[in-house]
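These are the residues of each chain, in order.
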Amino acid sequence: MSTGFLLTGNLITLFTGFSKTGIPGAGILAAILLANLTDHTRDSVGILLPLLLVADVFAIATYRKHTDWRMIGRLLPPTLLGVAIGWWLLHRVDARAFGPLMGGLVLFQLLLDLLRRKLQWTRAVHHPLAAVFFGVLTGVTTTLGNMAGPVMSLYLLSLGLDKQRFMGSMAWFFFLVNAIKIPIFAGTNLITAESLQASLHLLPGVVIGALVGRKLFRHIPPGPFQRLVQLFAALAALRLLLIR
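Since the model is a prediction, treat every value here as computed from it, not as a measurement.

> Help me out: how do you make sense of the nonpolar core in this one?
For soluble globular proteins, nonpolar side chains are generally found buried alongside one another. One finds L75, M152, Y155, L156, F173 and F185 to be the most contacted residues of the largest nonpolar core, which totals 58 residues. When near neighbours in sequence (up to four residues on either side) are disregarded, M152 contacts L75, F134, T138, M170, F173 and F174.

The structure is reproduced here in structure tokens:
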């Protein structure tokens with residue numbers, strides 16, 4: 001493993017840690033940049049999952065007192081259905097198509113967020129079927145690319161959760177979902193001894209990012225930072241679509 005990969009990879013995984021304790025939108029940038037960094041886009045998904053679990057633990061330790069368990073209970077069943085659909089798709093997506101697929105998922109989620117902001121969609125989703133729709137969509141996107149944060153953020157923001165409940169609910173929800181994905185990824189050879197070694201080398205970035213995010217959560221204006229993150233994520237997604 002080259003020094004350049006280690007340095008660049010740890011800079012990327014800073015956003016993984018930061019997304020869990022500071023600005024949730026940063027996670028999509030880490031996923032798409034890591035996909036661009038690795039030789040095979042599919043490999044990046046397996047490398048990232050253990051790192052997400054570590055970051056989830058930091059988030060739980062920080063926001064555990066602010067979890068909305070009733071809402072998580074509504075979301076988990078449809079999300080698990082989405083995970084099952086994503087697992088089915090994993091067996092059928094050609095390795096060469098994985099990069100464009102991830103790029104397309106990122107652009108789709110960025111478009112959803114753009115529509116939310118343009119339509120000022122802050123308290124519009126209260127129908128029971130909304131939880132089903134967003135849960136299934138979350139399950140599919142998190143299984144295919146570890147990039148479900150924007151989908152779930154869109155739903156939670158529409159419920160009008162305050163910042164603390166938002167972070168606490170996201171922390172426990174994704175910890176549970178990511179833990180369930182571990183045997184699925186291992187069974188499809190996305191997690192291997194080699195990928196775990198790569199995850200270990202990229203762990204410092206996650207830890208530093210999580211600690212920094214926890215310190216700066218109350219002081220960083222999320223709007224400008226999220227717009228910058230989304231711009232870089234869109235550019236990286238276009239690279240996966242057009243080059244691979």
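> Help me understand the environment of L53, please; the structure alone is not making it clear to me.
Inspection of the secondary structure assignment puts L53 in helix α3 (residues 41-63). Distance in space between the C-alpha atoms of L53 and F175 is 6.0 Å, their sequence separation being 122 residues. In contact with L53, not counting residues within four places along its chain, are F175, N178, A179 and I182.

> Would you take a moment to explain the packing of aromatic side chains for this structure?
Two measures describe an aromatic ring pair: the distance that separates the ring centres and the angle between the ring planes. For the structure shown, the criterion picks out 4 aromatic pairs. For the pair W172 and F175, a centre-to-centre distance of 5.9 Å together with 90° between the ring planes defines the contact as edge-to-face. A residue pair is termed a helical-turn pair when its members lie 3 or 4 positions apart in one helix, as W172 and F175 do in helix α8 (residues 163-187) at 3 residues. Residue classification places W172 among the partly exposed residues on the basis of a relative accessible area of 23%. Ring plane angle 80° and centroid distance 5.1 Å describe the contact between F173 and F174, whose orientation is recorded as edge-to-face. Of the residues examined, F173 reaches a relative accessible area of 2% and is grouped as buried. On the basis of relative accessibility, which here comes to 5%, the residue F174 falls in the buried class. Connected via pairs of aromatic rings, a cluster forms that spans W69, W172 and F175.

> Help me understand the pattern of salt bridges in this model?
A side chain of one charge can pair with a side chain of the opposite charge if their charged atoms are brought near each other. Enumeration according to the criterion identifies 2 salt bridges in this entry. Residue K20 pairs with D56 through a salt bridge whose shortest N-O separation is 2.7 Å. Of this pair, K20 sits in helix α1 (residues 3-21) while D56 sits in helix α3; the two residues are 36 residues apart in sequence, bridging distant segments of the chain. Residue K20 is classed as buried on the basis of its relative accessible area of 14%. Between D68 and R165 there is a salt bridge, with the nearest N and O atoms lying 2.5 Å from each other. One end of the pair, D68, is in the loop between α3 and α4 (69-90); the other, R165, is in helix α8, and 97 residues separate them in sequence. Residue R165 is classed as partly exposed on the basis of its relative accessible area of 30%.

> In this structure, what is going on with the packing of α4 against helix α6 (residues 128-145)? I would like to understand it.
The description of two packed helices rests on the angle between their axes and on the distance between the axes. Two numbers describe how α4 lies on α6: the axes approach to 6 Å, and their chain directions differ by 40°. Between α4 and α6, the angle falls in the class oblique. When you trace α4 past α6, the crossing you get is right-handed. Listed contacts from α6 to L75, P78, T79, L81, G82, V83, I85, G86, W87, L89 and L90 of α4 are A131, V132, G135, V136, T138, G139, V140, T142, T143 and L144. Along the lines of polarity and charge, the residues of the contact of α4 with α6 split into 13 nonpolar, 8 polar and no charged.

> Is there a simple way to explain helix α7 (residues 149-158) in this structure?
Because an α-helix packs 3.6 residues into every turn, residues spaced three or four apart end up facing the same way. Most of α7 is tucked away: 7 of the 10 residues are buried. Taken as a whole, α7 has its buried residues at V151, M152, S153, L154, Y155, L156 and S158. Once α7 finishes, G160 follows within two positions and takes phi at roughly 75°, a positive value.

> Help me understand unusual backbone geometry, please; the structure alone is not making it clear to me.
Backbone geometry follows two general trends: most residues other than glycine have a negative phi, and most peptide bonds adopt the trans configuration. At N146, a position not held by glycine, the phi torsion is positive, near 55°. As for its placement among the helices and strands, N146 is situated in the loop between α6 and α7. Of note in the backbone geometry, N189 takes a positive phi value of approximately 60° without being a glycine. Note on placement: N189 falls in the loop between α8 and α9 (193-201).

> Even after reading the chapter, I still don't get the side chain of K181, so can you show me in this structure?
Tracing the backbone shows K181 in helix α8. An unpaired buried charge is present at K181: no salt bridge exists, and D56, the closest side chain of opposite charge, is 7.9 Å distant. Look past the residues within four positions of K181 in its chain and what remains in contact with it is L49, T142, T143 and N146.

> Is there a simple way to explain α9 in this structure?
When α9 is considered as a whole, its buried residues turn out to be S195, A198 and S199. Across the axial projection of α9, the buried residues extend over an arc of 105°, all falling on one side. In α9, those exposed residues whose orientation departs by more than 90 degrees from the buried face are A193, E194 and L200. Taken together, the buried residues of α9 touch α3 and α10 (203-216).

Here is what the cut-offs are and how they apply
- Residues numbered from 1 in each chain as written.
- Predicted model: local features only at pLDDT ≥ 70, side-chain atom pairs only at ≥ 80, totals over all residues.
- Heavy atoms only, no water.
- Core = buried A, V, L, I, M, F, W, Y, C linked by side-chain atoms within 4.5 Å.
- Buried < 20%, exposed > 50% of the residue type's maximum accessible area, 1.4 Å probe, protein only.
- Contact = heavy atoms within 4.5 Å.
- Helix = DSSP H or I, 4+ residues; strand = E, 2+ residues; numbered from the N terminus.
- Phe/Tyr/Trp six-rings, centres within 6.5 Å; stacked < 30°, edge-to-face > 60°.
- Salt bridge = Lys/Arg side-chain N within 4 Å of Asp/Glu carboxyl O.
- Axes fitted to C-alpha atoms, helices over the stretch in contact; angles between N-to-C directions.
- Parallel < 35°, antiparallel > 145°, perpendicular 65-115°, else oblique.
- Left-handed = near helix turned anticlockwise from the far one by under 90°.
- Nonpolar A, V, L, I, M, F, W, Y, C, P; charged D, E, K, R; others polar.
- Lys, Arg positive; Asp, Glu negative; His and termini not counted.
- Arc of directions from axis to C-beta.

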